[in-house]
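Architecture at a glance
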Amino acid sequence: MDDAREFDVVVLGAGAVGENVADRASRTGLDVAVVEGALVGGECSYWACMPSKALLRPGDALAAARAVPGADTAVTGPVDVSAVLARRDEVAAHWDDAGQVAWVEGAGLTLLRGHARFAGPRRLVVTTSDGDVTVTARRAVVVATGSVAAVPAALRDVRPWTSREATSAHVVPRRLAVVGGGVVATEMATAFADLGAEVTVLVRGDRLLPSAEPFAGEAVLRSLVDRGVRVSLGAQVTSASRDDDGVHLVVERVTGDDDGVGAAAPETLTVDEVLAATGRLPATEDLGLEALGLRPGDALPVDDALAVRGVDGGWLFAAGDVTGRTATTHQGKYDARVVGDVVAARFDPRPTTDVDDAAVAGGEPLSRAAEAEAGDWSRYRATADHAAVPQVVFTRPQVAWVGRTQAQARDAGLDVAVVGYELGDLAGATVTAADYRGRVQIVVDRARDVVVGATFVGPDVADMLHAATVAVVGEVPLSRLWHAVPSYPTLSEVWLRLLETAGR
Ligand SMILES: Cc1cc2nc3c(=O)[nH]c(=O)nc-3n(C[C@H](O)[C@H](O)[C@H](O)COP(=O)(O)OP(=O)(O)OC[C@H]3O[C@@H](n4cnc5c(N)ncnc54)[C@H](O)[C@@H]3O)c2cc1C
Ligand SMILES: NC(=O)c1ccc[n+]([C@@H]2O[C@H](COP(=O)([O-])OP(=O)(O)OC[C@H]3O[C@@H](n4cnc5c(N)ncnc54)[C@H](O)[C@@H]3O)[C@@H](O)[C@H]2O)c1
């Protein structure tokens, strides 16, 4: 390999976000390279979204069949563990990125395999298997290096599982402790309970899914407990050790009283594996940020064009988990589309820039002038990050929300009306399951008569979320939503009931 390479644009990290940035940035003819130190496709494809959902889906399918009289009798046992793990292996492409490499190359991008570190502005050293390569970006660098699991100090010496080991496990531990109460903790507790593990969830706070409306975490907690998972709230692991009997966790109670669900601490809990599901850290520790005057380990703060704040020259951008601004693949890819278009337009190499761009079929053309004047909700600004971020948690029940919670809307100074409806009261629920339980709640900004947040809890609600996202992004007044007629008998008829409850 040459030991010096030059490109117009260099994207660091070929996760879902980096791939999308690189593809879009190349649309005006810029020469784009993407640098990847591990597998092309990143966390989501091999150790996060895809394998975790593959682990969760079989239990979900069984529960759905068991909830329907007539189908329930056909379900005669638990999930087939080895078949579930084999299917997960397929979904994770057997941790082989050949398919995604082919996509990158087919998109006309240059893939550099190696670990990148900044050596100065627009200059990088990429450590490859053939030695170091100096890479210069003539126009821009976009950092999309993602995040890594945060592991609490108390667990560091006992070789805990992170989400990587959980999602790629080939053996189901008999006893699993899950530390954390967020998205990874609730999804993995659900999956490993389905796979037959004895699961204990140790939650430092006083509820599950603290970023969601409280009723969402309560429903997930109830369901986990009903299925034999032990959930201990206000429980903090203060130390841990590992020996031939397993991992011994010392757990102390940090808040509140015994909730009646978990035992009071302090106590020692012995398990075969412990999963640290305690959040993520931006992957900037070993990126040479010091060469730019930035602090290693920090997130890269960005503006709505995804330009990194505090770096001169307008050449450095970032997107995805590394920014601390988004923490999901879908929202990271949205930011990727935005920054890809910003870079393609701002550094457009064509002599005439304000012309229709055949590469962008059917859309408004990429244009330097339009980018320079771009405002909120243009293709060049990630406006939705502030108002309409969707999140689906694939627990049982599923939890899905978008926009502001009731508390966030009030904190933002809005005069809100909160409208809720029990999904079980719908005709659509009656045909879905014998005893369907779920709830939807919308948060309405009274001044503008628009939905600013919505939360869905129940079986099969994941795909219902997008209607709410459209309503929030479109700022559709309730008076107009009234004319959006949901089909009978579906779960989406909840929109009619919510509007009736709101006084229509
Ligand atoms: C268990 C789990 C389940 C999840 N499930 C979902 C889900 O269902 N839906 C959803 O939307 N989100 C989900 N997420 C979140 C989602 O995985 C992340 O938001 C997403 O992967 C972020 O994408 P990214 O491209 O920013 O980073 P990553 O996917 O982490 O990609 C970054 C890439 O950069 C590479 N890299 C890092 N540093 C360097 C360097 N110096 N040089 C070269 N390459 C480098 C890495 O090897 C990696 O391939 C889940 C997360 C976890 C942990
Ligand atoms: N379905 C999905 O879209 C999906 C699934 C999994 C993960 N993700 C994304 O991945 C990100 C990471 O998920 P996560 O669950 O790791 O983070 P999280 O922020 O959702 O939850 C972290 C949990 O760990 C607790 N915690 C933090 N430090 C702790 C400590 N030292 N001791 C004990 N508890 C501690 C927090 O109180 C919280 O309950 C999320 O932001 C999420 O968006 C998405």
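Residues numbered from 1 in each chain as written. Chains lettered and ligands numbered in written order. Predicted model: local features only at pLDDT ≥ 70, side-chain atom pairs only at ≥ 80, totals over all residues.

**Some thoughts on the sheet that holds strand E8 (residues 175–179)**
Sheet architecture is open: 4 strands sit in the order E10-E9-E8-E14, paired in parallel fashion. The sheet is open, and its two borders are formed by strand E10 (230–232) and strand E14 (273–276), each paired with just one other strand. For this sheet, the mean angle separating the axes of adjacent strands, direction not counted, is 15°. The pairing of E8 with strand E9 (residues 198–202) spans 5 bridges and is classified as parallel. Residue pairing in the sheet places Ala177 in a bridge with Thr200 of E9. Docked against the sheet, helix H7 (residues 183–194) engages E8, E9 and E14, running at close to 165° with respect to E9. (Pairing = 2+ DSSP bridges. Helix = DSSP H or I, 4+ residues; strand = E, 2+ residues; numbered from the N terminus. Axes fitted to C-alpha atoms, helices over the stretch in contact; angles between N-to-C directions. Contact = placed C-beta atoms within 7 Å.)

**Digging into the packing of helix H3 (residues 49–66) against helix H4 (residues 81–91)**
Between H3 and H4, the shortest axis-to-axis distance is 9 Å and the interhelical angle comes to 150°. By the criterion of interaxial angle, the relationship of H3 to H4 is roughly antiparallel. The hand of the H3/H4 crossing is right-handed. Contacts between H3 and H4 involve Met50, Pro51, Ala54, Leu55 and Pro58 on the former and, on the latter, Val84, Arg87, Arg88 and Val91. (Parallel < 35°, antiparallel > 145°, perpendicular 65-115°, else oblique. Left-handed = near helix turned anticlockwise from the far one by under 90°.)

**Regarding the site of ligand 1**
Within the structure, ligand 1 sits among 36 residues, and Gly13, Gly15, Gly42, Gly146 and Gly320 are positioned closest to it. Elements with a minimum of two residues in the shell around ligand 1: helix H1 (16–25), strand E2 (32–36), helix H2 (42–46), H3, strand E4 (115–120), helix H6 (163–167) and helix H9 (329–346). Taken together, the residues of the shell around ligand 1 sort by class into 15 nonpolar, 17 polar and 4 charged. (Near = placed C-beta within 6 Å. Nonpolar A, V, L, I, M, F, W, Y, C, P; charged D, E, K, R; others polar.)

**Some points on the pairing of E14**
The alternating pattern of E14 places Glu273 and Leu275 on one face and Val274 and Ala276 on the opposite face, and all of these are buried. As defined by bridge partners, E8 adjoins E14 across 4 bridges and the pair is classed as parallel. When the bridges of E14 are listed, Ala177 appears paired with Val274. (Buried ≥ 20, exposed ≤ 12 C-beta atoms within 10 Å, placed from the backbone.)

**Focus on helix H14 (residues 465–474)**
When we look at burial in H14, the residues that qualify are Leu465, Ala468, Thr469, Ala471 and Val472. Projected onto a plane normal to the axis of H14, the buried residues spread over an arc of 160° and lie on a single side. Residues of H14 that are buried make contact with helix H11 (384–387), strand E17 (390–393), strand E18 (398–403), strand E21 (450–458) and helix H15 (478–481). Just beyond H14, the residue with positive phi is Glu475, at close to 50°. (Arc of directions from axis to C-beta.)

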